[in-house]
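What follows is the residue order along each chain.
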Amino acid sequence: MLICIFTGFSSGLPLYLLLNLVPAWLKTEGLSLKAIGAFALIQFPYTWKFVWAPLLDRFGILPWLGRRRSWMLLSQLGLLAAIAWLGQLSPTDNLMLVVALTATLAFLSATQDIALDAFRREILPELELGLGNALHVNAYRIAGLVPGSLSLILADRLPWSEVFAITALFMLPGVAMTLLAKEPAIAAGAPRTLRDAVVEPFREFFGRHGLQSALLVLTFIFLYKLGDSLCTALATPFYLDMGFTKTEIGLIAKNAGLWPSVIGGILGGIWMVKLGINRALWLFGVVQVVSILGFVWMAWLGPAPSDAARLAALAIVISAEAAGVGLGTTAFVAYMARTTHPAYTATQLALFTSLMAVPRTFINASAGWLVERMGWYDFFWLCFFLALPGMLLLIRVAPWNGEAKAIAAAPGRA
């Protein structure tokens, strides 16, 4: 469980640096909003990481560390160096180099995720998948406090070069974990050839499920968090349109958003040990879907000057949504991990998590267009209804009473 905390923290830090710290840095250095917005394209590696995941399944770089830990260490040291180097550059004078370096950072981060996800899956027995992934997901969120809070505070007091150097040092706990942890025994059985590493994960997955069931699983992975992800894509602009100030949003989001998500996710993981993953997907999914109705309610209330009652309403909406995200993501990640085969963990998990990231990267880009044409109230109703197909697919992919059967059918596991 302690290892899962370190994997989550190491995985979350570079992503939140790209989402929070880099835009703030570019803004203060004088780049236009249009140029800053274009930097969102550097998230592409997160949706395409299944392309090079077979390399991580087939090859180990440092034999003394093993197949999984050698890729973990390489990506972590690369991230540490790239983050520290980024702060030495000037976005106005070295824009193309900054773009290249941030793209490299995203690539290294996605590569680390492939290795960490496979490593975590291989050390966790079936019954501990829920709790282990809950700790991972919530450590991932807590890692966002470093580039999203601590680094921004330091930026008011220190030059950006020192801020990025300090932020880079937060990769060291992950490096220590990689060096101290043991390589999973199951990771010793690498595919014999690169062709096996590329072809066999997909052949095994479709062969195990059959074409129709495999497509149902992939469709479910795509749809389960679609409504929730689209709903929160423009959350901050929505709050501003409802009459709240940036300070009010920041203070309430920090306290009512992060901690309900973290606490909900950890409690959900503990609860999942007794519930099982299937039932958790149902129950936590309902919380995830119902939380969207909070945005519908606030849009129905409409814009108004903030007062104590309106601030309380904002806190309720943010905390409910955060708890829903924490619970839903915990069960969802555990489900994806259980669905993988131990011989091809990196490639299959990379495929699943890439598919999960598609709504965040591509579909969410349409959120602004939809709001302009529909208005906030109808937009959030659309998000609510988009969340229902994923829940309906649970009848087929994770039946309420199908936990024992799912564990028995887990590939290559006792």
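Calculation notes
Residues numbered from 1 in each chain as written. Predicted model: local features only at pLDDT ≥ 70, side-chain atom pairs only at ≥ 80, totals over all residues. Heavy atoms only, no water. UniProt positions renumbered as here; feature names shortened; annotations may be inferred. Helix = DSSP H or I, 4+ residues; strand = E, 2+ residues; numbered from the N terminus. Rg over C-alpha atoms; globule rule 2.2 N^0.38 Å. Buried < 20%, exposed > 50% of the residue type's maximum accessible area, 1.4 Å probe, protein only. Contact = heavy atoms within 4.5 Å. Areas by Shrake-Rupley, 256 points an atom, 1.4 Å probe, with all protein chains shown as cover. Lys, Arg positive; Asp, Glu negative; His and termini not counted. Charge placed at Lys NZ, Arg CZ, Asp CG, Glu CD. Salt bridge = Lys/Arg side-chain N within 4 Å of Asp/Glu carboxyl O. Disulfide = S-S within 2.5 Å. Axes fitted to C-alpha atoms, helices over the stretch in contact; angles between N-to-C directions. Parallel < 35°, antiparallel > 145°, perpendicular 65-115°, else oblique. Left-handed = near helix turned anticlockwise from the far one by under 90°. Nonpolar A, V, L, I, M, F, W, Y, C, P; charged D, E, K, R; others polar. Phe/Tyr/Trp six-rings, centres within 6.5 Å; stacked < 30°, edge-to-face > 60°. Polar contact = N/O pair within 3.5 Å; in protein donor to acceptor, adjacent residues only side chain to side chain. pLDDT = per-residue confidence, 0-100. Core = buried A, V, L, I, M, F, W, Y, C linked by side-chain atoms within 4.5 Å.

Within an unreviewed UniProt entry, the label attached to the chain reads AmpG family muropeptide MFS transporter, and the organism entered is Aromatoleum petrolei. Checking UniProt for the chain, the heading Subcellular location (unreviewed entry) contains the comment "Membrane".

The helix and strand tally for the chain stands at 22 helices and 0 strands. The C-alpha radius of gyration of the chain comes to 21 Å, within 12% of the 22 Å expected for a compact globule of 414 residues. A principal-axis box enclosing the C-alpha atoms of the chain has dimensions of 60 × 50 × 35 Å. Taken across its 414 residues, the chain has 54% of its residues classed as buried. Of the contacts made within the chain by residues no fewer than 6 positions apart, 84% connect residues no fewer than 24 positions apart. Here the chain has roughly 17400 Å² of accessible surface; of this, 71% comes from carbon and sulfur atoms. Averaging the positions of the 28 positive and the 22 negative side-chain charges in the chain gives two centres separated by 7 Å.

Time to look at the pattern of salt bridges. Under the counting rule described, the total for this entry stands at 9 salt bridges. Close ionic contact of Arg-68 with Glu-122 constitutes a salt bridge, the shortest N to O distance being 2.9 Å. A residue pair is termed long-range when its members are at least 10 positions apart, and Arg-68 in helix 5 (residues 67-86) and Glu-122 in helix 6 (residues 95-123) qualify at 54 residues. Judged by its relative accessible area of 2%, Arg-68 falls in the buried class.

For the coordinates displayed, the defined rule picks out 0 disulfides. Of all cysteine sulfurs, the one in Cys-383 lies closest to Cys-231, which takes part in no disulfide; the gap is 5.1 Å. Look at Cys-231 and you get buried, because its relative accessible area is 1%. According to the relative accessible area criterion, Cys-383 is buried, its value standing at 0%.

Looking now at the packing of helix 6 against helix 7 (residues 129-143). Relative orientation of the contacting elements helix 6 and helix 7 amounts to 150°, with a least axis distance of 10 Å. Overall, the two elements helix 6 and helix 7 adopt an arrangement that is roughly antiparallel. As for how helix 6 packs across helix 7, the hand of that crossing is right-handed. Where helix 6 abuts helix 7, its residues Asp-117, Arg-120 and Arg-121 lie against Leu-129, Gly-132, Asn-133 and His-136. Classifying every residue of the contact of helix 6 with helix 7 by side-chain character gives 1 nonpolar, 3 polar and 3 charged.

Turning our attention to the packing of aromatic side chains. According to the stated counting rule, one finds 25 aromatic pairs in the structure shown. Note on Trp-25 and Phe-164: the rings are 5.1 Å apart at their centroids and 65° apart in plane angle, and the pair reads as edge-to-face. Taken as a pair, Trp-25 in helix 1 (residues 2-28) and Phe-164 in helix 9 (residues 160-169) lie far apart in primary sequence, 139 residues in all. Residue class for Phe-164 comes out buried when judged on its relative accessible area of 0%. With 5.3 Å between their ring centres and 85° between their planes, Phe-220 and Tyr-335 make a pair best called edge-to-face. Taken as a pair, Phe-220 in helix 12 (residues 211-223) and Tyr-335 in helix 18 (residues 308-338) lie far apart in primary sequence, 115 residues in all. In this pair, the class of Phe-220 matches that of Tyr-335, namely buried. Taken together, the ring pairs in this structure connect Phe-238, Tyr-239, Phe-295, Trp-376, Phe-379 and Phe-380 into an aromatic cluster.

All right, on to helix 17 (residues 292-301) then. Those residues of helix 17 not exposed but buried are Ile-292, Gly-294, Phe-295, Val-296, Met-298 and Ala-299. Phi for Gly-302, located one or two positions after helix 17, is positive at around 80°.

Of note, Ser-261 is situated in helix 15 (residues 246-275). Spatially, the C-alpha atom of Ser-261 lies 33 Å from that of Glu-29, the residues being 232 residues apart in sequence. When neighbours within four sequence positions are excluded, Ser-261 is seen to be in contact with Asn-138, Arg-141, Ala-322, Ala-323 and Gly-326.

In this structure, Thr-167 sits in helix 9. The class of Thr-167 is buried, set by a relative accessible area of 1%. If near-sequence neighbours (up to four positions away) are discounted, Thr-167 is found in contact with Leu-13, Leu-17, Leu-21, Ile-83, Val-146 and Ser-151.

Okay, the side chain of Lys-225 next. Assignment of secondary structure puts Lys-225 in the loop between helix 12 and helix 13 (226-232). There is a polar contact of 3.5 Å between the side chain of Lys-225 and the side chain of Asp-228. Residues contacting Lys-225, with those up to four places away along its chain left out, are Gln-288, Val-325, Gly-328, Thr-329 and Phe-332.

What follows is about the confidence of the model for the chain. Across the chain, the average pLDDT comes to 83, with 90% of residues at 70 or higher. Of all the helices and strands in the chain, helix 2 (residues 33-38) carries the lowest mean pLDDT, 60, while helix 10 (residues 172-180) carries the highest, 96.

Ranked by internal contacts, the top residues of the largest apolar core, which has 66 residues, are Phe-220, Phe-238, Tyr-239, Leu-281, Tyr-335, Phe-379 and Phe-380. Ignoring anything within four residues of it in the chain, the contact list for Tyr-239 reads Phe-244, Ile-249, Phe-295, Leu-314 and Ile-318. Of all hydrophobic cores here, the second largest spans 48 residues; its members include Tyr-16, Trp-25, Phe-119 and Tyr-140.

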